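Results of the structural survey
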Amino acid sequence: PSPSGPLHFGSLIAAVGSYLQAKSQQGQWLVRMEDIDTPRMQTGAADAILRTLERYQLFWDGDVWVQSQRLERYQQVLDLLKQQQLTYACNCSRARIQSLPQGYDGFCRDQHLSGDSLAWRLKAPATATSFTDLLAGEVQVPTALAAEDYILKRRDGLFAYQLVVVVDDLDQGITEVVRGADLLELTTRQQALFQLLGKAAPAYLHLPLAVAEPGFKLSKQNHAPAVDHWPVSETLTAVLRFLGHPPPTELTGACASELLNWASTHWQIRQIPSQNEQKATDFL
């Protein structure tokens, strides 16, 4: 999770879905605090998220990794890519990039810029335009998105999501990534970066998003309500229904551990709804 606010219904869906996918295969469920975008982080949110997970009986394996404590490792990998001449510096403004119709156009690729306050971009390899998702099957990614020279380190000195999640997945030995469908089209970029680093990419499973209205997902940015004080049994039952695994009537009102034990033994990817979005109010 990203500690930019409390855990909401959409975040809980991702937590439960990834937990059940791991536990149904006798795997480990790892929790990582993705606090790399420091201006958006809220004091105390990380601890509050962990306490909420515990309240829903979602207990993680091993230590919680914290991205803000791994900056030296991210720089090490970035330096390696620089040495291999796979990156270049960029000073394009946000306004210029947003004005482009097809994403970043490689304007700075051959300018050999140096100095401070520069972003660092990856020279996009021959990135595939499709991949196989464990739920959706073959997913086509727009060619312009797959081929874009995307940012690894921002002009403000913060590392980009695309770099840090690959490094973390690599270092933690992740075999499966379970996350929301909003990240579906970024997957081929991450797979390509794994290849550049000489490692096999994990498998990916993208869960449908909980939305307030079509195209308007629940998120901390749009002030989705926190679930830390919601009734545990009813909320967890709603999550399981959202994921296509409604508990039987005899488990009505059951405690979280009972619901999760039932769900982990009955978990089937094919039962998860295949659409990328579902209205949260249909399940609450």
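Definitions and limits used
Residues numbered from 1 in each chain as written. Predicted model: local features only at pLDDT ≥ 70, side-chain atom pairs only at ≥ 80, totals over all residues. Heavy atoms only, no water. Helix = DSSP H or I, 4+ residues; strand = E, 2+ residues; numbered from the N terminus. Buried < 20%, exposed > 50% of the residue type's maximum accessible area, 1.4 Å probe, protein only. pLDDT = per-residue confidence, 0-100. Phe/Tyr/Trp six-rings, centres within 6.5 Å; stacked < 30°, edge-to-face > 60°. Lys NZ or Arg CZ within 6 Å of the ring centre and 35° of its normal. Contact = heavy atoms within 4.5 Å. Pairing = 2+ DSSP bridges. Axes fitted to C-alpha atoms, helices over the stretch in contact; angles between N-to-C directions. Salt bridge = Lys/Arg side-chain N within 4 Å of Asp/Glu carboxyl O. Core = buried A, V, L, I, M, F, W, Y, C linked by side-chain atoms within 4.5 Å.

Comments concerning unusual backbone geometry
At glutamine 26, a residue that is not glycine, the phi angle is positive and equals roughly 55°. Its location among the elements puts glutamine 26 in the loop between α1 (9-23) and β1 (32-33). With a relative accessible area of 71%, glutamine 26 lands in the exposed category. Positive phi, normally seen in glycine, also occurs at glutamine 85, with a value near 55°. Given the relative accessible area of 60%, glutamine 85 is considered exposed.

Re the environment of glutamine 67
Here glutamine 67 shows up in the loop between β2 (65-66) and α3 (71-83). Separated by 31 residues in sequence, glutamine 67 and isoleucine 36 place their C-alpha atoms 5.8 Å apart.

Digging into the confidence of the model for the protein
Considering every residue of the protein, the mean pLDDT works out to 93; 99% of them sit at 70 or more. Mean pLDDT in the protein bottoms out at strand β11 (residues 216-217), which sits at 74, and peaks at strand β9 (residues 203-207), which reaches 98.

Here's the deal with the packing of aromatic side chains
What the rule picks out here adds up to five aromatic pairs. For the ring pair phenylalanine 242 and phenylalanine 283, a centre distance of 5.2 Å and an interplane angle of 65° mean the geometry is edge-to-face. Residue phenylalanine 242 is found in helix α8 (residues 232-242), and its partner phenylalanine 283 is found in the segment after β12 (277-279); the two are separated by 41 residues along the sequence. A residue is classified by how much of its surface remains accessible, and phenylalanine 283, at 14% relative accessible area, is buried. An aromatic cluster is defined as three or more aromatic residues linked by ring pairs; in this entry it consists of Phe9, Trp230, Phe242 and Phe283. Directly above the aromatic system of tryptophan 120 lies the positively charged group of lysine 82, at a separation of 3.9 Å from the ring centroid. When the ring centre of tyrosine 104 is taken as origin, the NZ or CZ atom of arginine 121, which lies over that ring, is 3.5 Å away.

Notes on the side chain of threonine 235
One can find threonine 235 in helix α8. Ignoring anything within four residues of it in the chain, the contact list for threonine 235 reads Phe9, Leu12, Tyr56 and Trp230.

Here's the deal with the sheet that holds strand β4 (residues 119-122)
Pairing between sheet strands relies on hydrogen bonds along the backbone, with the strands arranged either parallel or antiparallel. The strand order β3-β4-β7 describes an open sheet built from three strands, whose pairing is antiparallel. Because the sheet does not close on itself, it has two edges, and the strands there are β3 (87-90) and β7 (151-153). Each adjacent strand pair in this sheet contributes to an overall mean axis angle of 40°, direction not counted. Where β4 meets β7, two bridges bridge the pair, whose relative direction is antiparallel. Counterpart to arginine 121 in the pairing with β7 is isoleucine 151. Of the strands in this sheet, β3, β4 and β7 are in contact with α3, which crosses β7 at around 125°.

What to know about the pattern of salt bridges
Think of it this way: side chains of opposite charge can pair up when their charged atoms draw near. Applying the stated criterion to the full structure yields 15 salt bridges. Where glutamate 54 meets arginine 51, a salt bridge forms, and the shortest distance between an N and an O atom there is 2.7 Å. One end of the pair, glutamate 54, and the other, arginine 51, are both in helix α2 (residues 45-55), three residues apart, so they sit about a helical turn from each other. For arginine 51, a relative accessible area of 37% translates into the label partly exposed. Ionic pairing is found between arginine 70 and aspartate 171, a salt bridge with its closest N-O pair at 2.8 Å. Within this pair, whereas arginine 70 is found in the loop between β2 and α3, its partner aspartate 171 is found in helix α6 (residues 161-172), the two being separated by 101 residues in sequence. Arginine 70 gets classed as buried once you look at its relative accessible area, which sits at 15%. What makes aspartate 171 partly exposed here is its relative accessible area of 28%. Several salt bridges converge on common partners, so that one network encompasses Arg32, Glu34, Arg70, Arg73, Asp168, Asp169 and Asp171.

Examining the nonpolar core
Phe9, Val16, Trp29, Leu53 and Leu58 are the most contacted members of the largest nonpolar core, which totals 45 residues. Residue assignment for this core shows that the elements contributing at least two residues are α1, α2, β9, α8 and α9 (256-266). No other element matches α1, which puts eight residues into this core. Apart from residues lying up to four places away in sequence, leucine 58 is in contact with Leu12, Ala15, Val16, Tyr19, Trp29, Leu53 and Leu260. Leu78, Leu152, Val166 and Val167 belong to the second-largest nonpolar core, a separate cluster that totals 24 residues.

Thoughts on the pairing of β4
Taken together, the four bridges between β3 and β4 define a ladder with antiparallel strand orientation. Bridge assignment links cysteine 90 to a residue of β4, and that residue is alanine 119.

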